[in-house]
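Each chain is listed here by its residues.
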Amino acid sequence: MEWNELQERIVNYMRKAAYKPLTDAELAEEMHLTDEDLVLFWPALEELEQTAAIIKTRNDRFGVPERMNLVVGRLSMSGKGFGFIIPETKEKDEDGDIFVPGVSLGGAMNGDRVVARLSPSEVPGRSREGEIIRIVERANERIVGTFEANRNFGFVTPDDKKIGQDIFVPKGAVHGAKSGMKVVVKITKWPAGRRSAEGEVEELLGRTGEPGVDVLSVMRQYDLSEEFPEEAAAEAEAIEDEVAPEEYRGRRDRRNLRIVTIDGEDAKDLDDGVYAERREDGSFFLGVYIADVSWYVRENMPLDREAYARGTSVYLVDRVIPMLPKKLSNGICSLNAGKDRLAMACEMEIGADGLVKSYEIFPAVIHVYRRLTYTLVNRLLVDGEAAALAENADLLPLLEPLRDVRAVMERARHGRGSIGFEIPEIKVKLDEAGHPVELVKRTGSLAESMIEQCMLAANETVAEHMEKKELPFIYRVHEQPSDEKIERLNTLLATFSLHLHADEAGKVAPKDVQQVLEKVKGEPEERIVSAVALRSMQQARYADAPLGHYGLAARHYTHFTSPIRRYPDLIVHRLLRETFATGTITPERQERLRVLLPEIAEHTSVRERVAIEAERETQDMKKIEYMSQFVGETYEAVISGVTAFGIFCELENGVEGLVHVSSMVNDYYEYREELYALVGESTHVSYRLGDPVTVVLVRANIAERNLDFILKDNGVFVPVKKDDDKKAGEKKDGRRAKPKKGTKDAARKERGRRRDTDSAVPCIAAVAPSPHGEGMDKSHDEGRAKKAARRSGEKSGKARTKNAGLDTKAKERPRKGKRGALPVDEEPKSRKPKAFWMPPPKDLRKRSKKTTSSGAKRRPHNKTERATANSE
């Protein structure tokens, strides 16, 4: 019996047959293992225990976690001191993620793989709680952050706010870092009890604000590198720049077809070409030709190992981190016009009804006729520009069949229930120094839809082909929405007299969701219904089983069309190639693949999520930097999210920011989860998902990756408190009191002092408050003024909100006489007064000394939405 097979047998026996924890000897005896198996039994058992697949008790007995009231999973921190464990075993954890209070973290950090003991929630209907009892695998050996120096030590504040704690750096581990520098710190001691993590500075990235340092910090945070290992780079260099004639053997020659590529203007890794003809009977011939990367990247070679580790190309705001070296991605593998290239072909007969009638999949050699862009194709087919048509008359016979076949395929997909979410793409344009100069909002066009429909057809055809063969394979899956999410969506739809109907098995068909979205199209409720429906979708992922694609209403789906930039596509090509000779794969190879493919699917799904997060972070960073020049300006926005601590608002240019509930002064607001709204207690004014609002931008903070808005007709802005002359820990003459040398207590005091006074990295810009309350209606009555004062001016420093269940601390008001005015270099360009700070009435000042905030803390019962639908 092989090692993996023995381990699987051990776990299955303990999960299904063993009714109690067993010693290793009892387990070996009851499983009736052979002498040969017994040789591997004890090391296999030890490895299972180390990876927490099984648990060893204090009495040296073994059991599986789910039968011992334990859960194994990844810890996801909130940034506010608590976290959630995402279970690995889904069958036994249908109740969702496990809430972990800050006191029960046991020294675990964000991303760590942990074991936790479960306990029921104290509040019915809320998430279960867990106490972490073991950390199986650490996820943060290196952390990127901002360094701050002291005479005898330093500390690093992580860029990733989910880490939630500074890293203490002893004097001898600073290695030349200066205050304000972005650094990479390597953890040398993990946190334990009340002791913070310790580390040493491993790499200096540069000073905050220097060109390129921001994106480089994100790259280090997500462990992304443009450089390839020497072995992989050497293998790439040894590959010829042109296709050799002997490589044509065994391939069909499709160089006679006028194949075109259609991509964005700046695309360099061209991995798909298309060709279409219309037949006399109304049917179509459609050929999709994909770069044959698997011919050059062979299994288990250095290039393959590095491509697997990366999983995908990452498209950051100012650069691409490719999965393969540029010699391949932009050279021999890219379908460059005028060059012979090796390809994997999927040629299909598409009926007039848009369905695939027959197909062939085979290796080919092609010669791309023209490299086209989306812009040019739209000018020809949509705008009908005379000048473009005159210069490109040869293209119309090629593009018109592609346009027509796209129409019939899209109609067929719509008919079966494919769900279409129109999500615009925001592109940030940078200057030569890396500073953002423009935000461009792009929506789908005819040219993009033509390519999309061709790629969907090829992906579905290849997936169905391999599923029918019943061979091991990698699929792209998008599962049914959970019952809980459908129930929440139906609760919302009921307010609009709409409903999603489940079948006998309790499942909602994609077509039902599609029809609901079409019913609200163009109506006032379209925004909120579309947003909630999108958030109800699961996250698409890779799997070794054909689970279907809910969003596309497809029974079979895979990723076949982008092997230059996605490792699963490369695996799909490799598996297809193994079937060309005999039509199948040998039994021995199949057994090996059934072990490998689940690991590949899980790993590439994780790498895809990492890429999405890194791409989003660099985009958001530059969006905030761009918006910093407009602090103080007024914008029309749409509410894109509602939480207990405020509303998120999205501007027309795609930028999103927060209106904190503590800045809303005309009432106390209650979070109504079922309505996706904040509702005023007295006025009954509601702010609901999808509602239009007018907001004022009051702060842009690139360090924390956020924008702060206030509502123009219901807002008060409390500026960040500036350094006082008599801070805690300072002498009367303004000099800082010296902590005891080299002590961790001194480090903690120093970190706390800095946090209490001012951030180590100030926000880019913030609107200066007006001493006269300008920017608000001066006719506010005294009662509203008192409410504003209570919201922002009490000495307790806490927002007195009805919904104080989440951490809604208000920022401290400035000392009298300073008014929170900004330094000259932080004043916004706009001089229009947009917000104000209001001192509390005298009677309220006296009372605040004796009273505290009335809100009782309430922990959140659900983790913030993690999964969103992937647009295929």
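Preceding this paragraph is the structure being described.
Residues numbered from 1 in each chain as written. Predicted model: local features only at pLDDT ≥ 70, side-chain atom pairs only at ≥ 80, totals over all residues. Heavy atoms only, no water.

Caption draft 1: Main features of the overall build of the protein. Secondary structure assignment for the protein yields 19 helices and 34 strands. Taking all 872 residues of the protein together, 50% fall into the buried category. By sequence separation, contacts in the protein at least 24 residues apart represent 69% of the contacts at least 6 residues apart. If you sum the accessible surface of the protein, you get close to 42100 Å²; carbon and sulfur atoms cover 48% of it. (Helix = DSSP H or I, 4+ residues; strand = E, 2+ residues; numbered from the N terminus. Buried < 20%, exposed > 50% of the residue type's maximum accessible area, 1.4 Å probe, protein only. Contact = heavy atoms within 4.5 Å. Areas by Shrake-Rupley, 256 points an atom, 1.4 Å probe, with all protein chains shown as cover.)

Caption draft 2: Quick peek at the packing of helix α12 (residues 483-494) against helix α14 (residues 526-536). Orientation of α12 relative to α14, taken along the N-to-C sense of each, is 170°, at an axis distance of 9 Å. In terms of axis orientation, α12 runs roughly antiparallel to α14. Contact residues: α12 offers K485, L489, L492 and L493, while α14 offers I528, V529, V532, A533, R535 and S536. Tallied by class, residues from the contact of α12 with α14 come to seven nonpolar, one polar and two charged. (Axes fitted to C-alpha atoms, helices over the stretch in contact; angles between N-to-C directions. Parallel < 35°, antiparallel > 145°, perpendicular 65-115°, else oblique. Nonpolar A, V, L, I, M, F, W, Y, C, P; charged D, E, K, R; others polar.)

Caption draft 3: Here's a closer look at a negative patch on the surface. A cluster of acidic residues, E2, E5, E8, E588 and E591, forms a negative patch on the protein surface. Broken down by secondary-structure element, the contributors of at least two residues to the negative patch are α1 (3-16) and α16 (587-627). Mapping E588 onto the fold places it in helix α16. Judged by relative accessible area, E588 falls into the exposed class, the value being 61%. (Patch = residues over 30% accessible without salt bridge, like charges linked within 9 Å, V, L, I, M, F, W, Y side chains within 5 Å. Salt bridge = Lys/Arg side-chain N within 4 Å of Asp/Glu carboxyl O. Lys, Arg positive; Asp, Glu negative; His and termini not counted. Charge placed at Lys NZ, Arg CZ, Asp CG, Glu CD.)

Caption draft 4: Highlighting the sheet that holds strand β30 (residues 677-680). One open sheet accounts for three strands, arranged β29-β30-β31; its pairing is antiparallel. On the outer flanks of this sheet lie β29 (669-672) and β31 (686-688), each paired with one strand and no other. With strand direction ignored, the average angle separating the axes of adjacent strands in the sheet is 20°. Where β29 and β30 come together, four bridges link them in antiparallel fashion. Along β30, the bridge assignment pairs Y669 with G680. (Pairing = 2+ DSSP bridges.)

Caption draft 5: Local environment of unusual backbone geometry. Residue N69 is not a glycine yet carries a positive backbone phi of 60°. Mapped onto the fold, N69 is located in the loop between β2 (62-63) and β3 (70-77). Even without glycine at this site, S497 takes up a positive phi of about 60°. Since its relative accessible area comes to 71%, S497 is described here as exposed.

Caption draft 6: Examining the environment of L105 more closely. Here L105 lies in the loop between β5 (98-100) and β6 (113-119). Residue L105 is classed as buried on the basis of its relative accessible area, which comes to 11%. The spatial distance from the C-alpha of L105 to the C-alpha of L75 is 9.2 Å, given a sequence separation of 30 residues. Excluding its chain neighbours within four sequence positions, the residues that come into contact with L105 are L75, M77, G81, V100 and I132.

Caption draft 7: Spatial organisation of the nonpolar core. Counting 88 residues, the largest nonpolar core has I262, L286, Y289, L328, L399, L402 and F560 as the members making the most contacts within it. A per-element tally of this core places helix α11 (residues 446-469) first, with eleven residues. The residues contacting L286, other than those within four sequence positions of it, are Y275, A276, C346, E347, M348, I350, L402, M409, C454 and A457. With 62 residues, the next largest nonpolar core counts L439, I624, Y676 and A700 among its residues. (Core = buried A, V, L, I, M, F, W, Y, C linked by side-chain atoms within 4.5 Å.)

Caption draft 8: Structural context of the pattern of salt bridges. Inspection of the entire model under this criterion finds 49 salt bridges. With its nearest N and O atoms 3.4 Å apart, the salt bridge here joins R74 to E137. Of this pair, R74 sits in strand β3 while E137 sits in strand β7 (residues 129-137), and the two are 63 residues apart along the sequence. Close ionic contact of E242 with R341 constitutes a salt bridge, the shortest N to O distance being 4.0 Å. Placement of the pair is E242 in the loop between α5 (230-237) and β13 (252-253) and R341 in strand β19 (residues 340-350), with a sequence separation of 99 residues. Given the relative accessible area of 42%, E242 is considered partly exposed. With relative accessibility at 3%, the residue R341 sits in the buried group.

Caption draft 9: Region of the structure containing the environment of Y369. Take Y369: it is sitting in the loop between β20 (356-367) and β21 (370-373). For the pair Y369 and N336, spaced 33 residues apart in sequence, the C-alpha to C-alpha distance is 9.1 Å. Residues contacting Y369, with those up to four places away along its chain left out, are R258, I259, V260, D394, L395 and L398. Within the structure, the side chain of Y369 is placed 2.5 Å from the side chain of D394, a separation counted as a polar contact. (Polar contact = N/O pair within 3.5 Å; in protein donor to acceptor, adjacent residues only side chain to side chain.)

Caption draft 10: Representation of the pairing of strand β28 (residues 656-660) within the structure. For strand β27 (residues 646-651) and β28, the ladder comprises five bridges, and the chain directions are antiparallel. Note that in β28 the partner of G646 across the bridge is H660. Two successive antiparallel strands, β27 and β28, enclose a turn made up of four residues, where G654 displays a positive phi of approximately 90°. Summarising the sheet, β28 and strand β33 (residues 706-711) pair through two bridges and their orientation is parallel. If you follow L658 over to β33, its bridge partner there is D708.

Caption draft 11: Representation of helix α13 (residues 510-519). Buried residues of α13: P510, V513, Q514, V516 and L517, and no others. All buried residues of α13 lie within an arc of 160° about the axis, which places them on one face of the element. Of the surrounding elements, those touching the buried residues of α13 are α10 (396-416), α12 and α14. (Arc of directions from axis to C-beta.)

Caption draft 12: Region of the structure containing the packing of aromatic side chains. Overall, the coordinates contain eleven aromatic pairs when judged by the stated rule. Taking the centre distance of 5.5 Å and the plane angle of 45° together, the rings of F82 and F99 count as tilted. Here F82 is found in the loop between β3 and β4 (83-87), whereas its partner F99 is found in strand β5, with 17 residues between them in sequence. Pair check on accessibility: F82 and F99 agree, each one buried. In this structure, R298 packs its charged tip against the face of W295, placed 4.9 Å from the ring centre. Cation over ring: R476 sits above Y542, and NZ or CZ is 4.6 Å from the ring centre. (Phe/Tyr/Trp six-rings, centres within 6.5 Å; stacked < 30°, edge-to-face > 60°. Lys NZ or Arg CZ within 6 Å of the ring centre and 35° of its normal.)

Caption draft 13: Fine view of the side chain of S104. Here S104 lies in the loop between β5 and β6. Judged by relative accessible area, which is 15%, S104 ranks as buried. Setting aside residues no more than four positions away along its own chain, S104 makes contact with G130, E131 and I132.

Caption draft 14: View of helix α3 (residues 35-50). For α3, with 16 residues, the first-to-last C-alpha span of 24 Å sits near the 22 Å given by 1.5 Å per residue. The axis of α3 is deflected most strongly, by about 40°, at F41, and proline P43 appears within four residues downstream. All buried positions along α3 are accounted for by D37, F41, A44, L45, L48 and E49. Among the structural elements, α1, α2 (24-30), β1 (55-56), β2 and β7 are those in contact with the buried residues of α3. Following α3 by one or two positions, A52 has its phi on the positive side, about 70°. (Expected span 1.5 Å × (residues − 1). Bend = angle between axes of the 7 residues up to and from the residue.)

Caption draft 15: Structural view of the packing of helix α6 (residues 302-310) against helix α15 (residues 567-580). Here α6 crosses α15 at 135°, and the two axes come no closer than 9 Å. In terms of their interaxial angle, α6 and α15 are classed as oblique. Facing D304, A307 and Y308 of α6, the residues of α15 in contact are Y567, L570 and R574.

Caption draft 16: Structural view of the side chain of S217. Inspection of the secondary structure puts S217 in helix α4 (residues 213-221). What S217 contacts, discounting residues up to four positions off in sequence, is V144, D159, K182 and L205.

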